[in-house]
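Single-letter residue listing:
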Amino acid sequence: MDRKAGRERVLILGSGWGGYVLSRQLSPVKYDITVASPRSNFVFTPLLSDATVGTLEFSHVVESVRDRQKRVNYVPAVARSVDFASKKVALEASVVQGAATDIVLTTEPEKPESTRELRGKEVDVRKWRQGTKMELEYDKLVIATGCITNTFNTPGVLENALLYRDVSDARKIQRRIRECFELAVLPNKPDQLRTHLLHFAVVGAGPTGTEFVGLLADYIHRDLLVYYPQVRDRVRITLYDVSPKILGMFDESLSQYAFENMKKEGVEIKTSHHIEELRWGEPNKPAIDMDPKTCLTLKTKEEGETGVGMCVWTTGNAINPFVKEALSDVGTLPASATIKRDEGQPSDIKETSWKVKKNKRPGALLVDGYFRVQLESKDGTNAFMNDVFAIGDNAMMEAGSPPATAIATNQEARYLAKRLNNDDFDRVPRFSFRDMGFLAYIGDDKGLMQLPHVQIDDTNKKVLPEGLKGRTAWLVWRGAYLSMVLSWRNYFLIAIYWLFTRIFGRRVG
Ligand SMILES: Cc1cc2nc3c(=O)[nH]c(=O)nc-3n(C[C@H](O)[C@H](O)[C@H](O)COP(=O)(O)OP(=O)(O)OC[C@H]3O[C@@H](n4cnc5c(N)ncnc54)[C@H](O)[C@@H]3O)c2cc1C
């Protein structure tokens, strides 16, 4: 308890859709709210690609986790482990003291770089990365640490691809696009290398990859080529995916519409392609150490090696290392846990060893309909913790989980905030996802909207249209995400910048 004000302490791990929305919806009168996360900003991911291609500024798609009105405390730190019995979380500060404050601990797996040259000296970057260790106590804990990018252990991807989750990733992508154009127009570049540099590859044809490719095509064709007309015929944009169709969760007709429209826009779509390697250097030449002045080689099983200026990797979610490694064995049953009523009680609860219940793949925390984290004992008995919750991409419900999207996580955070504010667990219906369909932008001011299908009895007959496509769906896409923006400031700025881009084109700075 926060003794001064008599409030319970809620500790939220993560400042993404789950953590940030929850922190703003919880009652500051009832709770002393703390968010611990390495990211001091919440990122509005659906519009991150708009910022990457200069339609919006990066500041329009972030909100500060620190609260002007001091209703929410923020601790810049990464959670390392949790002791459920003593209700303590061990954390490592993500802001390094001293001269190297630019180094922030990330939650992506470490790239294999350990030294860096600074003012003529080799320094060990690992030392900089060790943050101050600390412990925080909680009365209620919410785990919303999200996922990391799944590279499927493809050789060279972690080291050389541009992963796409955060503003820092998006800035790198923005910079690399311009670098490729500037390098390609240098007078002394061999023609073959120019062609490789202007080949932009995106791997993963889900909504994130497809939307990014659509916006990239708009940006290059409508804005960049105005400044670099001499390379118009060299530019290639390729979207790769291992599955046979793009936007797998959309109806066949919508996915086909996207495929045809993107092809018309000049995007090459290579479905059923397996990436085998990504390395620096030109195709069919020996691999070299990273050198941004040259290109990379992307190797697929189907077509062998091809040269690319950059490769953006957006192939879905892998479980966060914190959830995977730190949240596992619990020891004896924590005092706050309740054995599930329908289960037989083990003979000696104290002696039984318990672990956090997770699904087999991808290893997400299994929660009940009130987002309470569940435990299982060696002998198969289940329990749930009354003071530990998980929402968002790092959690799954046993009885059918909503998709891993911002829209679903937003609903989960709002639902959990209501339950905590009203303290009405087990007295109100469990969470049910309000399915409003899927939206995606596909380029050239066109979009897709997959409406949820409603079936009549067992006849498999759909009573709603299959979906919207084209301009109307694009306007719905914009309207839907604009309505989700979490501050008035960004709401107006985004609307104004969309209008400005229409009139003046994108910023090519
Ligand atoms: C580029 C991109 C575009 C997307 N576009 C859309 C879209 O158009 N529509 C849609 O519905 N969804 C979209 N999504 C998906 C959506 O963003 C996710 O489903 C959503 O962010 C999940 O929310 P979350 O809170 O679970 O995780 P996240 O939003 O990923 O947040 C996780 C947070 O936890 C922090 N964290 C990680 N490890 C630790 C730790 N050990 N300790 C403390 N903090 C930690 C992270 O720094 C981060 O702040 C997109 C995702 C991306 C990456």
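Because the structure is predicted, anything quoted here is derived from the model rather than measured. Residue numbers run consecutively from 1 along every chain, following the written order of its sequence. For this predicted model, a pLDDT threshold of at least 70 governs which residues receive local features, and a threshold of 80 or more governs which side-chain atom pairs are given and counted, while totals over whole chains, interfaces and linings are taken from all residues. No hydrogens and no water enter the side-chain calculation; it runs on all heavy atoms of the structure.

1. Examining the side chain of threonine 300
Filter applied, for reference: Secondary structure elements are defined from DSSP: runs of H or I of at least 4 residues count as helices, runs of E of at least 2 residues count as strands, and each element is numbered from the N terminus. In what follows, residue pairs with any heavy atoms lying within 4.5 Å of each other are defined as contacts.
The residue threonine 300 is located in strand 17 (residues 296-300) in this model. If near-sequence neighbours (up to four positions away) are discounted, threonine 300 is found in contact with Tyr240, His273, His274, Ile275 and Glu276.

2. Notes on the sheet that holds strand 32 (residues 467-470)
Whenever strands of a sheet pair, they do so through backbone hydrogen bonds, lying parallel or antiparallel. The line we're drawing: In this analysis, strands are considered paired if DSSP registers two or more bridges between them. As a rule, the C-alpha atoms of each element are fitted with a line to give its axis, helices using only the stretch in contact, and angles between N-to-C directions run from 0 to 180 degrees.
With antiparallel pairing, the 3 strands of this open sheet are ordered in space as 28-29-32. Two strands close off the open sheet at either side, each with one partner strand: strand 28 (438-443) and strand 32. Direction aside, neighbouring strands of the sheet carry axes that sit 10° apart on average. Direction of pairing for strand 29 (residues 446-450) relative to strand 32: antiparallel, over a ladder of 4 bridges. In the strand pairing of strand 32, leucine 448 is matched with lysine 469. Across the face of the sheet, helix 11 (residues 471-484) comes into contact with strand 28, strand 29 and strand 32 while running at roughly 105° to strand 32.

3. A look at the site of the ligand
To keep things clear, this is the line we draw: Here, proximity means that at least one heavy atom of the residue falls within 4 Å of the molecule or strand. Whenever a nitrogen or oxygen atom comes within 3.5 Å of another N or O atom, the pair is scored as a polar contact, on the condition that within protein one atom can donate a hydrogen and the other can accept it, and that pairs from neighbouring residues in sequence are kept only if both atoms are in side chains. Here the Shrake-Rupley method, with its probe set to 1.4 Å, supplies the accessible areas, and only the displayed protein chains count as covering residues. Ten residue types, Ala, Val, Leu, Ile, Met, Phe, Trp, Tyr, Cys and Pro, are classed as nonpolar, four, Asp, Glu, Lys and Arg, as charged, and the remainder, Gly among them, as polar.
For the ligand, the set of nearby residues contains 32 residues, the closest of which are Gly18, Thr45, Ala79, Asp393 and Tyr481. Here serine 15 contributes a backbone N or O atom positioned 3.1 Å from an oxygen atom of the ligand. Between aspartate 393 and the ligand, the recorded distance is 2.8 Å, taken from a backbone N or O atom to an oxygen atom. Here the ligand, which alone exposes 1,000 Å², has 92% of that area covered by the protein. Going through the elements one at a time, helix 1 (17-25), strand 2 (31-37), strand 5 (72-83), helix 7 (207-227) and helix 10 (406-422) are the ones with two or more residues in the shell around the ligand. Residues of the shell around the ligand, tallied by class, amount to 14 nonpolar, 14 polar and 4 charged.

4. A closer look at the packing of helix 1 against helix 10
The following threshold applies: Helix crossings fall into two classes, left-handed where the near helix is turned counterclockwise from the far one by less than a right angle and right-handed where it is turned clockwise.
Two numbers describe how helix 1 lies on helix 10: the axes approach to 8 Å, and their chain directions differ by 35°. The two elements helix 1 and helix 10 meet at a crossing, and its hand is right-handed. Here helix 1 contributes Trp17, Gly18, Val21, Leu22 and Gln25 to the contact with helix 10, which in turn contributes Ala406, Thr409, Asn410, Ala413, Arg414, Leu416, Ala417 and Asn421. Classifying every residue of the contact of helix 1 with helix 10 by side-chain character gives 7 nonpolar, 5 polar and 1 charged.

5. As for the layout of surface pockets
For the record, the criterion: In the cavity and pocket records, a cavity denotes points on a 1 Å grid over the protein atoms alone where a 1.4 Å probe fits but cannot get out, a pocket denotes an open set with protein on both sides within 12 Å along at least 5 of 7 lines, and lining residues are residues with an atom within 4 Å of a point. Grid points are joined across faces, edges and corners, and a volume is the space filled by probe spheres set on the points.
In this model, the second largest pocket occupies a volume close to 540 Å³. Lining the second largest pocket are 22 residues, with Asn410, Gln411, Arg414, Arg434 and Met436 sitting closest to its centre. Put simply, the parts of the chain that give the lining of the second largest pocket at least two residues each are helix 10, strand 28 and helix 11. The biggest single contributor to the lining of the second largest pocket is helix 10, with 7 residues. Taken together, the residues that form the lining of the second largest pocket break down as 13 nonpolar, 6 polar and 3 charged.

6. A look at unusual backbone geometry
At leucine 247, a position not held by glycine, the phi torsion is positive, near 50°. Along the chain, leucine 247 turns up in the loop between strand 14 (236-240) and helix 8 (252-264). Its identity is not glycine, yet aspartate 444 carries a phi of approximately 55°, on the positive side.

7. Notes on the environment of aspartate 67
By the secondary structure assignment, aspartate 67 is in the loop between strand 4 (62-64) and strand 5. Spatially, the C-alpha atom of aspartate 67 lies 9.1 Å from that of arginine 24, the residues being 43 residues apart in sequence. Setting aside residues up to four positions removed in sequence, aspartate 67 forms contacts with Arg24 and Val72. At 2.8 Å, the side chain of aspartate 67 forms a polar contact with the backbone nitrogen of arginine 71.

8. A look at the confidence of the model for the chain
Note the following rule: The quantity known as pLDDT measures the predictor's confidence residue by residue, on a range of 0 to 100.
Across the chain, the average pLDDT comes to 89, with 88% of residues at 70 or higher. Throughout residues 97-110 the model reports pLDDT below 50, and contacts reaching past four residues in sequence, or to other chains, amount to 29 contacts.

9. A few points about the nonpolar core
Under the convention used in this document: Nonpolar cores were defined as sets of buried Ala, Val, Leu, Ile, Met, Phe, Trp, Tyr and Cys residues, with membership established by side-chain atoms within 4.5 Å. Note on exposure labels: buried denotes an accessible area under 20% of the residue type's maximum, exposed denotes more than 50%, and partly exposed covers the range between, all computed with a 1.4 Å probe on protein chains only. In this document the domain limits rely on a domain assignment from an automatic tool or a database.
Among the nonpolar cores identified, the biggest contains 133 residues, and Leu13, Phe84, Leu141 and Phe181 are the most heavily contacted of them. Among the elements that take part in this core, helix 7 stands out by supplying 9 residues, more than any other. Residue contributions to this core reach at least three from each of two domains, namely domain 1 (1-108 + 125-150 + 317-426) and domain 2 (164-221 + 230-315). Setting aside chain neighbours within four positions, we find leucine 13 in contact with Ala36, Ala79, Val89, Leu91, Leu141, Val142, Ile143, Ala144, Thr145 and Phe322. Membership of the second largest hydrophobic core comes to 14 residues, among which are Ala161, Ile275, Leu298 and Val308.

10. A few points about the sheet that holds strand 18 (residues 304-308)
With antiparallel pairing, 3 strands are arranged side by side in an open sheet as 16-17-18. In the strand order of this sheet, the two ends are held by strand 16 (275-280) and strand 18, each with one partner. Going across the sheet, the axis of each strand differs from the next one's by a mean of 20°, ignoring polarity. Taken together, the 5 bridges between strand 16 and strand 17 define a ladder with antiparallel strand orientation.

11. Regarding the pattern of salt bridges
Applied cut-off: Counted as salt bridges are all cases of a side-chain nitrogen of Lys or Arg within 4 Å of a carboxyl oxygen of Asp or Glu.
According to the stated counting rule, one finds 31 salt bridges in the structure shown. In this structure, the salt-bridge partner of glutamate 252 is lysine 245, at a minimum N-O distance of 3.8 Å. By relative accessible area, which is 22% here, lysine 245 ends up partly exposed. Between glutamate 305 and arginine 279 there is a salt bridge; the shortest N-O distance is 3.1 Å. Here glutamate 305, found in strand 18, pairs with arginine 279, found in strand 16; they are 26 residues apart in sequence, far enough to count as distant. For glutamate 305, a relative accessible area of 26% puts it in the partly exposed group. Owing to a relative accessible area of 9%, arginine 279 belongs among the buried residues under this scheme. Taken together, the shared-partner salt bridges connect Arg222, Asp444, Asp445, Lys446 and Arg502 into one network.

12. With respect to the pairing of strand 13 (residues 199-203)
Remember that side chains alternate between the two faces of the sheet whenever the strand is regular. Heads up, the condition is: With the strands aimed away from the viewer, a crossover counts as right-handed if its path from the first strand over the helix to the second runs clockwise.
With 5 of 5 residues buried, strand 13 is to be regarded as a mostly interior element. Inspection of the sheet shows strand 13 paired to strand 14 by 5 bridges, in the parallel sense. By the bridge assignment, alanine 201 is partnered in strand 14 with threonine 238. For the segment spanning strand 13, helix 7 and strand 14, crossover handedness is right-handed. In this sheet, strand 19 (residues 310-313) lies alongside strand 13 in parallel orientation, the contact comprising 4 bridges. Across the sheet, the residue bridging to valine 202 is valine 312, located in strand 19.

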